Amino acid sequence: MDESYDVIVLGTGLKECILSGMLSVVGKRVLHMDRNKYYGGESASMTPLEELYSKFGMGNPPSELGRGRDWNVDLIPKFLMANGQLVKILIKTGVTRYLEFKSVEGSFVYRGGKVYKVPASEREALSSTLLGLFEKRRFRRFLQFVQDFDEDDPSTWCSINPESTTSEELYKSYKLDGSTIDFTGHALSLYLNDTYMNKPAIDTIKRCRLYSDSLSRFGRSPYLYPLYGLGELPQGFARLSAIYGGTYMLDKPVDELIFEDGKAVGVKSQGQVANCKMVICDPSYAPEKCKKQGQVVRAICILDHGIPDTENSLSCQIIIPQSQVNRQNDIYVCCVSYAHNVAAKNFYLAIVSTTVETDNPENELSIGLNLLGPIKQKFVSISDLLEPIDDGTENRLFISKNYDATTHFETTCNDVLDIFKRATGEDFDFSKVTHAGMEDNC
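Being a predicted model, the structure only gives us computed values, none of them experimental.

Attention now goes to the overall build of the protein chain. In terms of helices and strands, the protein chain carries eleven helices and 19 strands. For 442 residues, the compact-globule estimate of 2.2 N^0.38 gives 22 Å, and the C-alpha radius of gyration of the protein chain, at 22 Å, lies within 12% of that figure. Taken over the C-alpha atoms alone, the protein chain extends approximately 70 × 60 × 45 Å along its principal axes. Taking as baseline every contact in the protein chain between residues at least 6 positions apart, the subset at least 24 positions apart corresponds to 72%. Carbon and sulfur atoms form 45% of the exposed surface of the protein chain, whose accessible area is close to 18,200 Å². Looking at charge distribution, the protein chain has the averaged site of its 48 positive side-chain charges lying 3 Å from that of its 59 negative ones.

Right, dumping it as structure tokens:
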């Protein structure tokens, strides 16, 4: 291992594997190490089922849950926006050749103690029971504005300046009521909380457009999910890195990060040293270089039925906006099933997550858990939200953030693309690699 590399990547979480693949594509010599024997890090998929029960100290799974090898349980489940950043990265890098996806069947929002289908098109807005008659017309006009909006064509701005008009002012201009604003901001735009309301509306417009464009690609919802679980994603990017010359070492302990003149220049493992120009890692490899920004609580639940009031969906997402439950942060519910090869026949996996606000985190999930109906088994975890104390441009140590409570990958991709730009000084050039599109694998 006594060699020199452009980049050493530590940890095989999805973020690190994406970065490893992207850096290899642009010609960097990459060494990728992980202390674990498996891919995925904190975002791994547990298989067989016995591994999940062992991780949570719960003995052996009951025989009624079927064969253990039929289960692939994501520790941090998330969906892909069909027209989002991760799908674009997958398509442009060709990683889709290693994966198959299914469209998630439904997107729902919680209001007034009930679950409603999210209207994200003009037709759905007119038929939705979530909106009153006059509100449907106003929301339809708002969606039409979003669909016609062109950042480069002021004639489509409808007398607003998207850079100076706030999201709150945009909503007021269409006379949208509070409940419509709730699901627009949280179920369509996918904001974590309401702090966005006083920021420029351009981001809200783009987020609504992303939701709408993603919905139009596959129809039933804007989300996709890979067969056999998210554990397939980091392995796909690992293969990409290997194709472009990257070197992988699993089950390789990291004894020390080596610094010279305040800059990361290598990694020591089992008495050997690998030199490099920069190090990229997840927070667990450099906790002293990180700060805690909060915690996330997650409950993985095994069900023998679909979630009630979701139109018998084999997969779905439910967003519970903060204002509906007197919280500062949303609660997220997502569900996948045997249809995705992640559970035994006729079983479902539902995951409820949120950002911790009290000293009783599990209780904060109660509203989401109550939506699930009878639960066969529940696995609760609490994870710290760590992020680097600096941007890495000076010490050449680039650390990713922990995964937040959201059930989609947009914030994950923002972190990946930001790290790539800070590490290389430029945006990732997708033209350096071109492959077939995702449609062949959905």
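From this point, things continue past the structure.
For the rest of this paragraph, the subject is the nonpolar core. Counting residues in hydrophobic clusters, the biggest one holds 100 residues, and the most contacted among them are Trp71, Leu86, Phe142, Leu233 and Phe237. For this core, the element with the most residues is helix H1 (residues 14-25), which contributes seven residues. Each residue touching Phe142, except ones within four places of it in the same chain, is listed here: Leu170, Tyr171, Tyr174, Leu176, Thr184 and Cys208. In this structure, Phe108, Ile307, Val325 and Val356 belong to the second largest nonpolar core, which totals 23 residues.

A few words on the packing of aromatic side chains. Any aromatic ring pair is given by two values, namely how distant the centres are and how the planes are angled relative to each other. Applying the stated rule across the entire model yields 17 aromatic pairs. With a centroid separation of 5.3 Å and 55° between ring planes, the pair formed by Phe56 and Phe379 is classed as tilted. Highlighted residues: Phe56 in the loop between helix H2 (49-55) and strand S4 (73-74) and Phe379 in strand S18 (residues 377-388), separated in sequence by 323 residues. Residue classification places Phe56 among the partly exposed residues on the basis of a relative accessible area of 22%. Classification of Phe379 by relative accessible area gives buried; the value is 1%. Here the aromatic rings of Tyr191 and Tyr196 are separated by 3.9 Å at their centres, their planes lie at 5°, and the arrangement is stacked. Look at Tyr191 and you get buried, because its relative accessible area is 8%. Taking the ring centre of Tyr403 as reference, the NZ or CZ of Lys15 above it sits at 5.0 Å.

This brings us to the sheet that holds strand S8 (residues 114-117). Backbone hydrogen bonds hold the strands of a sheet together, and the pairing may be parallel or antiparallel. Read from one edge to the other, the open sheet built from seven strands follows the order S8-S7-S15-S16-S17-S14-S18, with strand pairing classed as mixed. The open sheet is flanked by S8 and S18, the only strands paired with a single partner. Pairs of neighbouring strands in the sheet enclose a mean axial angle of 25°, with direction left out of account. In this sheet, strand S17 (residues 348-355) lies alongside strand S14 (residues 290-303) in antiparallel orientation, the contact comprising eight bridges.

What counts and how
The numbering scheme is per chain: residues are counted from 1 as the chain's sequence reads. Whole-chain, interface and lining totals are the exception, using all residues; otherwise, since this is a predicted model, local features are given only for residues with pLDDT of at least 70 and side-chain atom pairs are given and counted only at 80 or more. Derived side-chain values reflect all non-hydrogen atoms in the structure, with water molecules and hydrogen atoms excluded from consideration. Under the DSSP-based scheme used, a helix requires at least four consecutive residues in state H or I and a strand at least two consecutive residues in state E, with every element numbered from the N terminus. In this description the radius of gyration comes from C-alpha coordinates, and the expected globular size is given by 2.2 Å times residues to the power 0.38. Any two residues having at least one pair of non-hydrogen atoms within 4.5 Å are treated as being in contact. Computed with the Shrake-Rupley method and a 1.4 Å probe, the accessible areas treat only the protein chains shown as cover for residues. As used throughout, the charge tally considers Lys and Arg to be positive and Asp and Glu to be negative, leaving His and the chain termini uncounted. To locate a charge, the coordinates of NZ of Lys, CZ of Arg, CG of Asp or CD of Glu are taken. Take the buried Ala, Val, Leu, Ile, Met, Phe, Trp, Tyr and Cys residues and link them wherever side-chain atoms come within 4.5 Å; each set so joined is a nonpolar core. Burial classification: accessible surface area is computed with a 1.4 Å probe over protein chains only, and a residue below 20% of its type maximum counts as buried, one above 50% as exposed, and the rest as partly exposed. When the centres of two rings from Phe, Tyr and Trp lie within 6.5 Å, Trp using its six-membered ring, the rings pair. Their planes under 30 degrees apart give stacked, over 60 give edge-to-face, and anything left gives tilted. A positively charged side chain is recorded as over a ring if its NZ (Lys) or CZ (Arg) lies within 6 Å of the ring centre. The angle to the ring normal must also be within 35 degrees. Any two strands between which DSSP finds at least two bridges are classified as paired. Interaxial angles span 0 to 180 degrees and are taken between N-to-C directions of axes, which are lines fitted to C-alpha atoms, for helices over the stretch in contact.

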